[in-house]
Amino acid sequence: WAWIRLAEHRLSQRDLEAALACFQTALRCSSPSETARCLRGLAETYHKQSKYIAALKVFQKLLVLIPTDPFARFSLSLIHHTLGSHADALSHISATLSLLQSQSPTSSASSSYAYVQYYHAKILLSLALERRRNGLHLSSEELLQQALALAETHRLPKSPSFALLLGDLYRHLGNHQ
């Protein structure tokens, strides 16, 4: 447990190389009950280092141990989105939303749920634009409508990147508002 605590401290201090070494040592020395905590920290460290493939593999191992871990699912969706695998990102973000709803039916009012919805809309927009580039206009149109409905229903946060995506959405739908 000491290695895990030290690794988590190093991670919180953004000392990613030290955190990585500590999590790797902790994983070798940990009891089975501590394995998930080690894997989560190791995956998060890889993700923060932009080592996306390594993070992806570790988060997948974590999901084998704890299939209902919404953090791991959400992280997988972010990584797949970053890597341009939008269909996989959509699958994981949908699973995250289902897990959050099943674990806490009132979660739809929480800020973390809104944050996940924000990324859900971003992923829908990215997938729609990808499909449009590939000539799948009807499928693209449906995804654009879903993203717009999400944005309007949940009043998603306004950020420069999301505003740009919404601009693309309106431009592609021909709805210049």
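Computed from a prediction, not measured in an experiment: that's the story for all the values here.

Visitor: Would you mind going over the overall build of the chain with me for this structure?
Guide: A tally of regular secondary structure across the chain gives nine helices and zero strands. The order of α-helices and β-strands along the chain, N terminus first, is α-α-α-α-α-α-α-α-α. Out of the 177 residues belonging to the chain, those deemed buried represent 46%. In the chain, once contacts between residues fewer than 6 apart in sequence are set aside, the share between residues at least 24 apart is 49%.

Visitor: Explanation requested: the side chain of His-81 in the structure shown.
Guide: Here His-81 shows up in helix H5 (residues 70–82). Under the relative-accessibility criterion, His-81 is labelled buried at 17%. Here the side chain of His-81 touches Ser-126 through a polar contact of 2.9 Å, side chain to side chain. What His-81 contacts, discounting residues up to four positions off in sequence, is His-86, Ala-89, Lys-122, Ile-123 and Ser-126.

Visitor: How should I be thinking about the confidence of the model for the chain in this particular structure?
Guide: Detailed reading of the predicted model is not advised wherever pLDDT is low. Confidence along the chain averages 84 in pLDDT terms, with 82% of residues attaining 70 or more. For the chain, the element scoring lowest by mean pLDDT is helix H9 (residues 160–173), at 66; helix H4 (residues 52–65) scores highest, at 96.

Visitor: Sorry if this is basic, but what is going on with the packing of aromatic side chains here?
Guide: In this structure the tally under the stated criterion is three aromatic pairs. Here the aromatic rings of Phe-74 and Tyr-119 are separated by 5.8 Å at their centres, their planes lie at 75°, and the arrangement is edge-to-face. Taken together, the residues Phe-74 in helix H5 and Tyr-119 in helix H7 (residues 111–133) connect sequence positions 45 residues apart. One exposure class covers both Phe-74 and Tyr-119, and it is buried. With centroids separated by 5.1 Å and ring planes inclined at 85°, the aromatic side chains of Tyr-118 and Tyr-119 adopt a geometry described as edge-to-face. Judged on exposure class, the residue Tyr-118 and its partner Tyr-119 are both buried. These aromatic residues form a ring-pair network of at least three members: Phe-74, Tyr-118 and Tyr-119.

Visitor: Honestly, the side chain of Glu-34 in this entry has me stumped. Any pointers?
Guide: Checked against the element boundaries, Glu-34 lands in helix H3 (residues 32–48). The buried charged residue Glu-34 lacks any salt bridge, with Arg-37 as its nearest oppositely charged partner at 5.8 Å. For Glu-34, the residues in contact, after removing those within four places along its chain, are Trp-1 and Ile-4.

Cut-offs applied
- Residues numbered from 1 in each chain as written.
- Predicted model: local features only at pLDDT ≥ 70, side-chain atom pairs only at ≥ 80, totals over all residues.
- Heavy atoms only, no water.
- Helix = DSSP H or I, 4+ residues; strand = E, 2+ residues; numbered from the N terminus.
- Buried < 20%, exposed > 50% of the residue type's maximum accessible area, 1.4 Å probe, protein only.
- Contact = heavy atoms within 4.5 Å.
- Polar contact = N/O pair within 3.5 Å; in protein donor to acceptor, adjacent residues only side chain to side chain.
- pLDDT = per-residue confidence, 0-100.
- Phe/Tyr/Trp six-rings, centres within 6.5 Å; stacked < 30°, edge-to-face > 60°.
- Lys, Arg positive; Asp, Glu negative; His and termini not counted.
- Salt bridge = Lys/Arg side-chain N within 4 Å of Asp/Glu carboxyl O.

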